[in-house]
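An overview of the molecular structure
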Amino acid sequence: MDSAVTLIGLPVALGIIMLGLGLGLTMADFRRVADHPRAAVIALVCQVLVLPALCFCLVLAFDLAPELAVGMMLLAASPGGTTANLYSHLFGGHVALNITLTAINSVLAVFTLPILVNLSAAYFLPDGRSIGLQFDKVLQVFAIVLVPVAIGMLIRARMPHLAERLNRPVRILSVVVLVAVIAGAVLGERENIADYFVSVGLAVLAFNLLSLAIGYGVPRLAGVDRNAATAAGFEIGIHNSTLAITIALSPALLNSTQMAIPGAVYGIVMFFTAAAFGYLVTRVGARSATALTP
């Protein structure tokens, strides 16, 4: 789980993906986020308050071992992953809303992640380990999310024809790169995957599915349009498992392989559940559009 594929390959791949997303964005897209204040507020409340409470209940319900329990809470406290932006892009979500939420969540995580993990460690672990404010990790998230997007948007603004020509090939390349990284991660951990899934697989799957459902369902119940709700669903349902794994494994932080296991399992599971979620939401949207057509 701490291989180059996971800790280096995935961030690099996601940086390439974010460049492709930036090619399709303009500043007007971000200004339109102001048209979805309800979606943004609901998503942030779900991310910061609802999901940690949900994860805590699942940890107790599945009676996980102490270090696995802290690893689950670390995962819940991690901000939305950059992969959410790609899935939102592929399945018709409001990508600018995703990117904005990821940026805001990353800032909030500077404060909320250490607090939540320290409280979890004090509750579950007899020795009560703690971690500090991870400004460098947040800067990494910003670098992966914002810098490539900014470059792509700059190309779009200065050379729109080039951006149009690059948009489709880069989108295809993004999917290919993502699939390659997933395959590499699975192959690299093939000897340990069975043990990981036995220990936390059901808890991780339940957390992932409920996160996707809450992220999409709550905004829809509040009257948010489908595109913004889809963006919120992916943002809430896909956490930055790479960040969680890094914090868990780092000798200067938690220094625990056990705590990294939930993030490692989640990092595999989320790709498939997110794809199924996107397909389901797209089908529902298509049926609704058909029903409304006279």
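Counting restarts for each chain: residues are numbered from 1 in the order of the written sequence. Note on the predicted model: pLDDT of at least 70 is required for a residue's local features to be given, and 80 or more for side-chain atom pairs to be given and counted; whole-chain, interface and lining totals, by contrast, use all residues. Computation of side-chain values covers all heavy atoms of the structure but excludes hydrogens and water.

Concerning the environment of His239
Stated formally: Counting from the N terminus, the helices are DSSP H or I runs at least four residues long and the strands are E runs at least two residues long. Counting of polar contacts relies on pairs of N or O atoms within 3.5 Å, with two restrictions inside protein: one atom must be capable of donating a hydrogen and the other of accepting it, and residues adjacent in sequence are counted only when both atoms are side-chain atoms.
Structurally, His239 can be placed in the loop between α10 (226-237) and α11 (241-249). For the pair His239 and Ser78, spaced 161 residues apart in sequence, the C-alpha to C-alpha distance is 6.1 Å. At 3.3 Å, the side chain of His239 and the backbone oxygen of Leu75 are in polar contact. Here Ile236 takes part through its backbone oxygen, which lies 3.3 Å from a polar atom of the side chain of His239.

Concerning the environment of Leu90
Rules: Relative accessible area decides the class of each residue, using a 1.4 Å probe on protein chains only: under 20% of the type maximum gives buried, over 50% gives exposed, and in between gives partly exposed.
When you line up the elements, Leu90 lands in helix α5 (residues 83-90). Assessed through its relative accessible area of 36%, Leu90 is described here as partly exposed. For Leu90 and Gly278, which are 188 residues apart along the polypeptide, the C-alpha to C-alpha distance reads 8.2 Å.

So, the packing of aromatic side chains
To keep it simple, the criterion reads: Two aromatic rings from Phe, Tyr or Trp, using only the six-membered ring of Trp, form a pair when their centres are within 6.5 Å; if the ring planes differ by under 30 degrees the pair is stacked, by over 60 it is edge-to-face, and anything between is tilted.
A full pass over the atoms with the stated rule returns nine aromatic pairs. Seen in terms of ring centroids, Phe56 and Tyr123 are 5.5 Å apart; in terms of plane orientation they differ by 70°. Their pairing is edge-to-face. Placement of the pair is Phe56 in helix α3 (residues 37-62) and Tyr123 in helix α6 (residues 95-124), with a sequence separation of 67 residues. Ring centres of Phe207 and Tyr266 lie 6.4 Å apart, and the angle between their planes is 50°; this geometry places the pair in the tilted category. Placement of Phe207 in helix α9 (residues 193-221) and of Tyr266 in helix α12 (residues 257-292) is noted, with a sequence separation of 59 residues between them. The exposure class assigned to Phe207 is buried, which follows from its relative accessible area of 0%. Grouping aromatic residues by their ring pairs yields a cluster made of Tyr87, Phe91, Tyr216, Phe234 and Phe277.

Let's talk about the packing of α3 against helix α4 (residues 66-77)
As a reminder of what qualifies: Between N-to-C directions, angles span 0 to 180 degrees; the directions come from axes that are lines fitted to C-alpha atoms, helices contributing only their stretch in contact. An angle counts as roughly parallel when it lies under 35 degrees, as roughly antiparallel when it exceeds 145, as roughly perpendicular when it falls between 65 and 115, and as oblique in every other case. Each crossing gets its handedness from the near helix: less than a right angle anticlockwise from the far helix is left-handed, clockwise is right-handed. The contact definition used throughout considers only heavy atoms, calling two residues in contact when any of these lie within 4.5 Å. Only Asp, Glu, Lys and Arg are considered charged, only Ala, Val, Leu, Ile, Met, Phe, Trp, Tyr, Cys and Pro nonpolar, and every remaining residue, Gly among them, polar.
Contact geometry for α3 and α4: axes closest at 9 Å, N-to-C directions at 160°. Classified by the angle between their axes, α3 and α4 sit roughly antiparallel to one another. In terms of crossing hand, the pair formed by α3 and α4 is right-handed. Mapping the contact onto sequence places Gln47, Leu51, Pro52, Cys55, Phe56 and Val59 in α3 and Ala69, Met72, Met73 and Ala76 in α4. In terms of residue class, the contact of α3 with α4 is built from nine nonpolar, one polar and no charged.

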